[in-house]
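Overview (structure and organization)
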Amino acid sequence: MEEEKILYKNSSKMDDEEIIIFQNYALKKTLFISSIVFTLIFIAVGIGTSFFDLTMGIVFIVCGLLGGFVLLPYLIKENVKKQNKTSLGDKRYLNTFEFYEDYIFVESKASAKDKNEFQQVATQKVLYKDVFKIVVYREFLFIFLNARQSLILNFKGMTFGTAGEMIEFLKTKSIKFVDKSNENTPKLSEK
């Protein structure tokens, strides 16, 4: 039996900062819609209240604007960060992606944040036909397994082949492809 040839290979670290970048992309539309709805509700209440008490009406409108476009997005993002810290704990992950002709083989290793002793925790074989969509977002490639779950690949971790060649290869696999590479990405904090 002939061994399959690896076409592209990537090793990407994953910790809470990389997940935050993914969630900023994934939550962008949800945050926008939530902010609009929240603000519109308070503005409607404010307008209705203005007929009886102008001061309270203005207070409701101002609260709606501040809450909808400042406080609500901040609280949602902080809640997501807290959930990430809880789910990841004090671990770092190293994911290795091997791209073959018909599938992607993913190996995940974990290590304590203060150590470099990675141990294998999971492997997964993902057929291209089972991929929901692929999104390029700056230097990251998100391989969505469904509408809410994604594998995160950093282009800087390419160890075999180039990111451009890999993207062109993936485009030939009849997968929905979204290019958001021109959107701003928040800077990762210095460690």
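Residues numbered from 1 in each chain as written. Predicted model: local features only at pLDDT ≥ 70, side-chain atom pairs only at ≥ 80, totals over all residues. Heavy atoms only, no water.

A short note on the overall build of the protein
Within the protein, the secondary structure is distributed over three helices and nine strands. What you see in the protein, going N to C, is helices and strands ordered as β-α-α-β-β-β-β-β-β-β-α-β. Split into buried and exposed, the 191 residues of the protein put 37% on the buried side. Intrachain contacts of the protein at a sequence separation of at least 6 include 60% that bridge at least 24 residues. (Helix = DSSP H or I, 4+ residues; strand = E, 2+ residues; numbered from the N terminus. Buried < 20%, exposed > 50% of the residue type's maximum accessible area, 1.4 Å probe, protein only. Contact = heavy atoms within 4.5 Å.)

Overview of the confidence of the model for the protein
Residues at a pLDDT of 70 or more form 86% of the protein, whose mean pLDDT is 83. Overall, residues 185–191 carries pLDDT values under 50, and its contacts beyond four positions in sequence, including any with other chains, amount to 12 contacts. (pLDDT = per-residue confidence, 0-100.)

Things to note about the sheet that holds strand β5 (residues 133–137)
Spatially, four strands are ordered β7-β6-β5-β9 in an open sheet, and the strand pairing comes out mixed. Strands with a single pairing partner mark the edges of an open sheet, and in this sheet they are β7 (150–154) and β9 (177–179). Each strand axis lies, on average, 15 degrees off the axis of its neighbour in the sheet, ignoring direction. (Pairing = 2+ DSSP bridges. Axes fitted to C-alpha atoms, helices over the stretch in contact; angles between N-to-C directions.)

Examining the pattern of salt bridges
As enumerated under the stated definition, the model contains four salt bridges in all. The salt bridge involving Glu-98 is made with Lys-9; its shortest N-O contact spans 3.7 Å. Here Glu-98, found in strand β2 (residues 91–99), pairs with Lys-9, found in strand β1 (residues 8–14); they are 89 residues apart in sequence, far enough to count as distant. Take Glu-98: its relative accessible area is 15%, and that puts it in the buried class. Residue class for Lys-9 comes out partly exposed when judged on its relative accessible area of 26%. Residue Lys-129 is joined to Asp-130 by a salt bridge in which the shortest nitrogen-to-oxygen separation is 3.7 Å. Among the residues examined, Asp-130 registers a relative accessible area of 43% and is labelled partly exposed. (Salt bridge = Lys/Arg side-chain N within 4 Å of Asp/Glu carboxyl O.)

Structural notes on a nonpolar patch on the surface
Among the surface-exposed residues, Leu-54, Ile-58, Val-62, Leu-65, Leu-66, Phe-69, Val-70, Leu-71, Tyr-74 and Leu-75 lie close enough to one another that they form a single nonpolar patch of about 970 Å² accessible area. Within the element layout of this structure, Ile-58 appears in helix α2 (residues 54–88). (Patch = residues over 30% accessible without salt bridge, like charges linked within 9 Å, V, L, I, M, F, W, Y side chains within 5 Å. Areas by Shrake-Rupley, 256 points an atom, 1.4 Å probe, with all protein chains shown as cover.)

Thoughts on the environment of Val-62
Within the secondary structure, Val-62 is located in helix α2. Residue classification places Val-62 among the partly exposed positions, given a relative accessible area of 41%. In this structure, the C-alpha to C-alpha distance between Val-62 and Ile-43, residues 19 residues apart in sequence, is 8.1 Å.

Digging into the sheet that holds β1
The sheet built from five strands is open, its strands ordered β4-β3-β2-β1-β8 with antiparallel pairing. Both edges of this open sheet fall to β4 (119–127) and β8 (158–160), since each of them pairs with a single strand only. With strand direction ignored, the average angle separating the axes of adjacent strands in the sheet is 20 degrees. With seven bridges connecting them, β1 and β2 associate as antiparallel partners. Looking at the pairing, Lys-13 lines up with Leu-94 of β2.

Describing the nonpolar core
As a rule of thumb, nonpolar side chains are buried together in soluble globular proteins. Counting residues in each nonpolar core, the largest one holds 23 residues, and the members touching the most others are Phe-99, Ile-104, Leu-141, Phe-155, Met-166 and Leu-170. Every element with two or more residues in this core is listed here: β2, β3 (103–112), β5, β6 (140–144), β7 and α3 (163–171). Excluding residues within four positions of it along the chain, Ile-104 makes contact with Phe-97, Glu-98, Phe-99, Gln-124, Lys-125, Val-126, Tyr-128 and Ile-143. In terms of nonpolar packing, the next biggest core, distinct from the first, is built from 10 residues, Tyr-93, Tyr-137, Phe-140 and Ile-152 among them. (Core = buried A, V, L, I, M, F, W, Y, C linked by side-chain atoms within 4.5 Å.)

A look at unusual backbone geometry
Here Ser-174, not a glycine, exhibits a phi torsion of approximately 55 degrees, which is positive. Topologically, Ser-174 is positioned in the loop between α3 and β9.

Here's the deal with the packing of aromatic side chains
Taken as a whole and judged by the stated rule, the model has seven aromatic pairs. Taken together, a centroid distance of 6.4 Å and an interplanar angle of 5 degrees make the contact between Phe-140 and Phe-142 stacked. Through pairs of rings, three or more aromatic residues link up here, namely Tyr-8, Tyr-128 and Phe-169. When the ring centre of Tyr-103 is taken as reference, the NZ or CZ atom of Lys-125 above it lies at 4.3 Å. (Phe/Tyr/Trp six-rings, centres within 6.5 Å; stacked < 30°, edge-to-face > 60°. Lys NZ or Arg CZ within 6 Å of the ring centre and 35° of its normal.)

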